[in-house]
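Read off the chains here:
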Amino acid sequence: MGFKPRIAESPSVRLIDLKSKPYFIVASVEVGNTTTKCILTATNLEDGKTRLVNKIVTMTRDVRPPEEGEEVFGRTLNGVELTRQSVAEMVRDTLLRAVKQSNLDIKEDIHFVVRSTGVVAGFDTPDEVGEFIKALADGCLMAGVPPNRMTPPMGMSNVPERFRKHTKLEQVVFDGAVASVTPPTGATGVEIVANEMEGELATAGIKEGAKWVDIDFRNPCISIDFGTTLDGRVISPDLPYAKTIGNFCGYAGAIPDAIIKGTGLVDSKKGTALDVADKTSLGMLSLKLKSKAIKEYAERIHKYILIERVPKGRKRYGSVPVNSEAADAIGVVLIGCDVGNNGTDMDKLSEIGAEIYEKHNLKTLFAVIDIVMARVVQRLVKVAQEEGLVFEDTAIGITGRAGITGAKPRLILQYLDDLGINRKIEENVVFVDDGLARGAAVMARCMNSMGTTFNPLGGHRGGKCILGQRIKLQKRKDRN
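About the criteria used
- Residues numbered from 1 in each chain as written.
- Predicted model: local features only at pLDDT ≥ 70, side-chain atom pairs only at ≥ 80, totals over all residues.
- Heavy atoms only, no water.
- 1 Å grid on protein atoms, 1.4 Å probe; cavity = no way out; pocket = protein on both sides within 12 Å on 5 of 7 lines; lining within 4 Å.
- Points joined across faces, edges and corners; volume = space filled by probe spheres on them.
- Helix = DSSP H or I, 4+ residues; strand = E, 2+ residues; numbered from the N terminus.
- Nonpolar A, V, L, I, M, F, W, Y, C, P; charged D, E, K, R; others polar.
- Buried < 20%, exposed > 50% of the residue type's maximum accessible area, 1.4 Å probe, protein only.
- Expected span 1.5 Å × (residues − 1).
- Contact = heavy atoms within 4.5 Å.
- Pairing = 2+ DSSP bridges.
- Axes fitted to C-alpha atoms, helices over the stretch in contact; angles between N-to-C directions.
- Salt bridge = Lys/Arg side-chain N within 4 Å of Asp/Glu carboxyl O.

Visitor: In this structure, what is going on with empty space enclosed by the protein? I would like to understand it.
Guide: Taken as a whole and judged by the stated rule, the model has two cavities of 30 Å³ or more. As for the largest cavity, its lining consists of 23 residues, and the residues nearest its centre are Cys446, Gly451, Thr452, Gly458 and Arg470. For the lining of the largest cavity, the secondary structure elements donating two or more residues are helix 12 (435–447) and helix 13 (467–479). Per-element tally for the lining of the largest cavity: the top contributor is helix 12, with three residues. There is about 40 Å³ of room inside the second largest cavity. When grouped by side-chain class, the residues that make up the lining of the second largest cavity number two nonpolar, five polar and two charged.

Visitor: Mind showing me how you'd approach helix 5 (residues 254–261) here?
Guide: Residues three or four positions apart in an α-helix share a direction because the helix packs 3.6 residues into each turn. Along helix 5, eight of the eight residues are buried, which leaves the element largely enclosed by surrounding structure. Those residues of helix 5 that fall on the buried side of the exposure criterion are Ala254, Ile255, Pro256, Asp257, Ala258, Ile259, Ile260 and Lys261.

Visitor: Just checking my understanding: could you explain helix 3 (residues 129–142) for this structure?
Guide: Helix length check: helix 3, at 14 residues, gives a terminal C-alpha distance of 20 Å against a target of 20 Å (1.5 Å per residue), a fit within 8%. Taken residue by residue, helix 3 has Val129, Phe132, Ile133, Ala135, Leu136, Ala137, Gly139 and Cys140 as its buried positions. Of the surrounding elements, those touching the buried residues of helix 3 are strand 2 (23–31), strand 5 (72–75), strand 6 (81–83), helix 2 (84–101), strand 7 (112–117) and helix 4 (196–209).

Visitor: I tried to follow the sheet that holds strand 2 on my own but got confused; where do I start?
Guide: What links the strands of a sheet is backbone hydrogen bonding, and the strands pair in either a parallel or an antiparallel sense. Here we have four strands laid out as an open sheet, ordered 4-3-2-7, and mixed in their pairing. The two strands at the open ends of the sheet, each matched to only one other strand, are strand 4 (49–59) and strand 7. Between one strand axis and the next, the sheet turns by 15 degrees as a mean value, whatever way the strands run. Pairing geometry for strand 3 (residues 35–44) and strand 4, over 10 bridges, is antiparallel. Its bridge partner being in strand 4, leucine 40 is matched across the sheet by asparagine 54. Sheet strands in contact with helix 12 are strand 2, strand 3, strand 4 and strand 7, and its direction is about 125 degrees off that of strand 2.

Visitor: It is not clear to me how the pattern of salt bridges should be interpreted in this structure. Could you clarify?
Guide: Opposite charge on two side chains permits them to pair, given that their charged atoms come into close proximity. This model, assessed by the stated rule, comprises 28 salt bridges. The residue lysine 55 makes a salt bridge to aspartate 434 at a minimum N-O spacing of 2.9 Å. On the criterion of sequence distance, the pair formed by lysine 55 in strand 4 and aspartate 434 in the loop between strand 17 (429–432) and helix 12 is long-range, its members being 379 residues apart. Using a relative accessible area of 35% as the deciding quantity, one classes lysine 55 as partly exposed. Since its relative accessible area comes to 16%, aspartate 434 is described here as buried. The closest approach of N and O atoms between aspartate 216 and arginine 218, which form a salt bridge, is 2.9 Å. Relative accessible area serves as the criterion here: at 7%, arginine 218 is assigned to the buried category.

Below, the structure is given as C-alpha cells:
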C-alpha cells in the first residue's frame with residue numbers, strides 16, 4: 001500500500017551500564033483488565049532516551065479469589081473479582097519478580113515507582129479509581145518500596161546524589177503538568193473520565209517512544225491507547241503548557257476479545273485475543289482472494305460499534321464511568337467507543353466471529369480484526385476532526401495491544417490518510433510499544449524535574465525547549 005509505519009521499540013540495557021552511567025530506573029506497575037505488568041525502564045539522563053530493563057506480564061484473571069472478610073471493591077471487564085488485599089499481593093509479587101530477575105535491589109536501584117490501572121469498568125464513579133490506586137500503593141510498600149519513591153521530592157536533598165546535577169528542581173518544581181500537558185481538572189482528571197491517568201501516561205509514553213523513530217510528537221497531538229478499554233487524549237497547541245481538550249473512553253481490545261470468544265477457542269467469559277494470537281498473517285495471495293469477504297465482515301461488525309461524542313447525561317460509556325456534565329463545564333470533549341449500550345451487542349460480535357472461523361480460518365479472523373480496529377482509529381480521529389480538535393500540525397500516536405499488532409499500523413495509516421488530515425501521514429503518526437511504562441518513566445522524570453533541554457518532550461512541535469517559559473510562569477504565580 002506504500003505506507004511504512006514507524007513503530008518504536010526500546011532497546012535493552014546492560015546491567016553494567018545501569019550501574020556505571022546516570023540511568024534513572026523506574027518501575028511501572030499496571031493492573032489492567034487483561035494483564036498485570038511490571039515494566040522496569042531506565043532513562044539515560046545524558047541523552048534523555050529510555051531503555052527497557054525487564055518486563056513481567058501476568059494475566060489479571062489469575063489473581064487469587066477473595067478471602068473471607070475481604071470486600072470486593074472492583075471487577076475486571078470479564079467479571080474477575082478484586083479486593084484491596086488481593087490486588088496488593090499481586091502487585092507485590094509481580095514487582096519483586098521483575099526486580100529479582102534484573103539482579104537489582106528494590107531499595108537501592110529502583111529510583112521511582114508509578115502505578116496505574118485500566119480496571120475501571122467495575123467502578124460506579126470515576127473517583128472510586130482512587131481506592132484502587134491505594135491498593136497498588138499497598139502492594140508497592142509490601143514489596144519494600146520506600147514511600148518517598150512514589151511522590152515528588154520535597155527538595156534537592158530528597159534527590160539521590162548521583163542525579164542532582166541532572167535535575168532542574170531548583171529552577172522549576174513539578175506543578176502537575178506531565179510532558180508540558182496539564183490534566184483536564186484537579187490533580188488527576190478522574191473527575192470526568194475514570195481512566196484519565198492512563199491517558200496521561202500513554203500520551204507521555206508516546207512522546208518518549210517517538211524519539212526512537214525521529215517523529216516530533218509534541219503538542220498538538222492525539223494519543224490513543226488500545227488496551228482492553230480505550231483511553232487517550234487530544235492535546236491543544238498552547239504554550240508553555242498545552243491543555244487536554246479531548247478524552248477517549250470506552251472499548252478497545254475488548255472488541256477483538258468478543259470476536260474471538262465466538263470461535264470457542266478461548267474461555268467464553270475470561271478469554272482474550274491474546275490467548276490465540278496468531279503470529280503469522282495471511283499471505284498476500286490469500287489476502288487478495290479473501291479481501292472482499294474480509295471487508296464485508298468488518299463492515300458488519302462496525303454496524304454494532306458506536307463511536308461518537310459522549311452524549312450529555314451519560315454516567316457510563318463503553319463500561320467506563322464518565323461525568324459528561326463536568327467535561328462540558330471545562331470544555332473537554334469526551335469521545336467514546338461502545339458496542340450497543342455499554343456492551344449490550346458484544347454477543348453479536350461473537351456470533352460474527354463464530355461465522356468467520358467456521359467458514360474460513362483463524363488467520364482470516366485476525367485479518368478482519370485488523371481492519372476493524374484500524375477503522376476504529378479512523379472513526380475516533382474523524383469525530384475529533386468534526387469537533388474542531390485536529391490542527392494542521394497535529395501528530396497522532398497509537399499504543400496498546402489492539403492498535404499496534406498485525407497489519408493494523410499499515411491499515412491505520414491508510415485510513416487516516418483517507419481523512420486528509422495531513423499531507424505526509426507517515427511523518428505524523430507513530431506506533432509505540434508499552435506506552436504506559438514509557439509514560440511512567442516520563443512522569444517520574446517530570447516529578448523530579450529531570451528534563452533534557454537539548455532533547456525536550458514538552459513544548460510545540462518543531463519548537464524549542466520551554467524551560468525558560470516555565471520558570472517565568474512559576475515566578476509569576478509565586479508573586480501572585
